[in-house]
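Summary of structural features
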Amino acid sequence: MRQINLSNAKLTFDVYDDKSFSFKQAFISWMLRRPQPRRRRIEAIKDVTLSIVEGERVGIIGNNGSGKSTILRMMAGVYPPTAGRCEIDGNVNALFDFSLGFEQNATGRDNVYYRGYLQGQSPSSIRNHIDEIIEFSELDEFIDIPIRCYSAGMLVRLGFAISTAVDPDILLIDECLAAGDASFQAKAAARMDEMISRAQLIVLVSHDLGAIERLCTRVVWMERGNVVLDGPAADVIAAYQDENKFTAAPMPEAA
Ligand SMILES: Nc1ncnc2c1ncn2[C@@H]1O[C@H](COP(=O)(O)OP(=O)(O)OP(=O)(O)O)[C@@H](O)[C@H]1O
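Residues numbered from 1 in each chain as written. Predicted model: local features only at pLDDT ≥ 70, side-chain atom pairs only at ≥ 80, totals over all residues. Heavy atoms only, no water.

1. A few points about the overall build of the chain
Which entries qualify depends on this criterion: Runs of E in the DSSP output that reach at least two residues are strands. Runs of H or I that reach at least four are helices, and both are numbered from the N terminus. A simple rule labels every residue: compare its accessible area, found with a 1.4 Å probe on the protein chains alone, to the largest value its type can have, and call it buried under 20%, exposed over 50%, or partly exposed in between. Here, residues are in contact when the closest pair of their heavy atoms is within 4.5 Å. Per-residue and other accessible areas follow the Shrake-Rupley method at a 1.4 Å probe size, with only the shown protein chains counted as cover for residues.
Counting its regular elements, the chain contains eight helices and nine strands. Projected onto its principal axes, the C-alpha coordinates of the chain cover approximately 60 × 55 × 40 Å. With 255 residues in all, the chain has 40% of them scored as buried. A fraction of 74% describes how many contacts in the chain between residues 6 or more apart in sequence connect residues 24 or more apart. Per element, the accessible surface of the chain, about 13400 Å² overall, is 52% carbon and sulfur.

In structure tokens form, the structure reads like this:
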């Protein structure tokens, strides 16, 4: 069965004031008794136990900095938990930022292979989809020029067409339900809806509560790295809206 299980999952980021700080520098500073750059620890995910099973469509809501994107990236395997466990059963497609991960000097066509490979597809699977990807992106002859010459919107079109070409078991979406200019958006939204309807398990992060209510049956409300409420979509959204009528929740603290 496709599922996601988080058990007492925690994730902390260590952030240094000096961006270029390294272990070598730490060692030299220690030898020369120089003060070390200040380290701050951000507890992005504090202690989350969550089970999502096949058939569920789960929305994650919460104020800025509450840990939504971080927990989604943990589910995608981008950030392993620093404590506890995160177990995923099923192949995952993570839709985070359509224009990320391109090779600037390669053509659009070559990037279809490159990105497809990074998404875990075999060369033959990419070959089977490439015509459809190019057609969907509407890039025509631009597909054979280096993508450093593309406009921002052209990159998004290509990224969207590649990212949504193959159906996953588990679909993780972070704030990207539509892409491109007005003429592409309707087509992109329809393709996204189709993909969502076919996926066996969906987790969607968004501030668009209307979209969350339309697409999700269950909602998890997060604040300061913890789950505040987890339940039927309409109930959790109503509680969140009620709580956030007049005040914004404080940002998570850095220790
Ligand atoms: N790469 C990183 N390095 C250091 N800290 C990070 C990193 N990514 C996220 N954080 C911290 O983790 C916390 C949660 O961030 P996250 O992006 O998950 O919040 P969010 O709920 O998605 O916020 P938003 O609604 O603003 O997108 C924040 O305090 C943020 O500063």
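2. Comments concerning the site of the ligand
So the rule is basically this: What makes a residue near a molecule or strand is one non-hydrogen atom of that residue sitting within 4 Å of it. We call two N or O atoms a polar contact when they sit within 3.5 Å, provided that within protein one can donate a hydrogen and the other can accept it, with sequence-adjacent residues counted only if both atoms are side-chain atoms.
Surveying the vicinity of the ligand reveals 15 residues, the closest of which are Gly65, Lys68, Ser69, Thr70 and His207. At a separation of 3.1 Å, an oxygen atom of the ligand approaches a polar backbone atom of Ser66. In this structure, an oxygen atom belonging to the ligand sits 2.7 Å away from a side-chain N or O atom of Lys68. With the chains in place, 66% of the 640 Å² that the ligand exposes on its own is no longer accessible. Contributing elements (two or more residues each) for the shell around the ligand: strand 1 (3–16), strand 2 (39–53) and helix 2 (68–75). Per-element accounting of the shell around the ligand gives the leading share, three residues, to helix 2.

3. Here we look at the side chain of Asn93
Tracing the backbone shows Asn93 in strand 5 (residues 92–95). Exposure remark for Asn93: the relative accessible area of 9% places this residue in the buried category. A distance of 2.7 Å separates the side chain of Asn93 from the backbone oxygen of Ser163, its partner in a polar contact. Beyond its immediate stretch of four places on either side in the chain, Asn93 contacts Ser163, Val166, Pro168, Ile170, Leu171, Leu172 and Met195.

4. As for the pairing of strand 3 (residues 57–61)
Rule in force here: Any two strands with at least two DSSP bridges between them are considered paired.
In terms of burial, strand 3 is largely enclosed, as four of its five residues are buried. Looking at chain direction, strand 3 and strand 7 (residues 201–205) are connected through four bridges and run parallel. Its bridge partner lying in strand 7, Val58 is registered against Val203. With four bridges connecting them, strand 3 and strand 8 (residues 218–223) associate as parallel partners. The partner of Val58 across the bridge, within strand 8, is Arg218.

5. Description of the sheet that holds strand 8
Selection criterion: For helices, the fitted axis covers only the stretch in contact; all axes are lines through C-alpha atoms, and the angles between them, taken along N-to-C directions, range from 0 to 180 degrees.
The strand order across the open sheet formed by six strands is 5-6-7-3-8-9, and the pairing between neighbours is mixed. Of all the strands in the sheet, just strand 5 and strand 9 (226–232) have a single pairing partner and so form its edges. Within this sheet the neighbouring strands show an average axis-to-axis angle of 15°, counted without direction. Here six bridges tie strand 8 to strand 9, and the two strands are oriented antiparallel to one another. Across the sheet, residue Met222 finds its bridge partner in strand 9, namely Val227. On the sheet, helix 2 packs against strand 3, strand 6 (170–174), strand 7 and strand 8 and is oriented at approximately 155° with respect to strand 6. With respect to the sheet, helix 6 (residues 182–198) is in contact with strand 3, strand 5, strand 6 and strand 7, its orientation differing from that of strand 6 by roughly 140°.

6. So, the pattern of salt bridges
Note the following rule: Throughout this description, the term salt bridge denotes a Lys or Arg side-chain nitrogen within 4 Å of a carboxyl oxygen of Asp or Glu.
Tallied over the full model, the rule gives 15 salt bridges. Close ionic contact of Glu132 with Arg191 constitutes a salt bridge, the shortest N to O distance being 2.6 Å. Of this pair, Glu132 sits in helix 4 (residues 123–137) while Arg191 is found in helix 6, placing the two residues 59 residues apart along the sequence. Taking the relative accessible area as the measure of exposure, Arg191 reaches 11% and is therefore buried. Its salt-bridge partner being Lys245, residue Asp242 comes within 3.1 Å of it at the nearest N-O pair. Residues joined in a network through salt bridges with shared partners are Glu138, Arg157, Asp181 and Lys187.

7. With respect to the confidence of the model for the chain
For clarity, the cut-off: For every residue, the predictor states its confidence as a pLDDT score lying anywhere from 0 to 100.
Per-residue confidence for the chain gives a mean pLDDT of 89, with 93% of residues at or over 70. Here helix 1 (residues 23–31) stands out as the least confident element of the chain, with mean pLDDT 78; strand 8 is the most confident, with 98.

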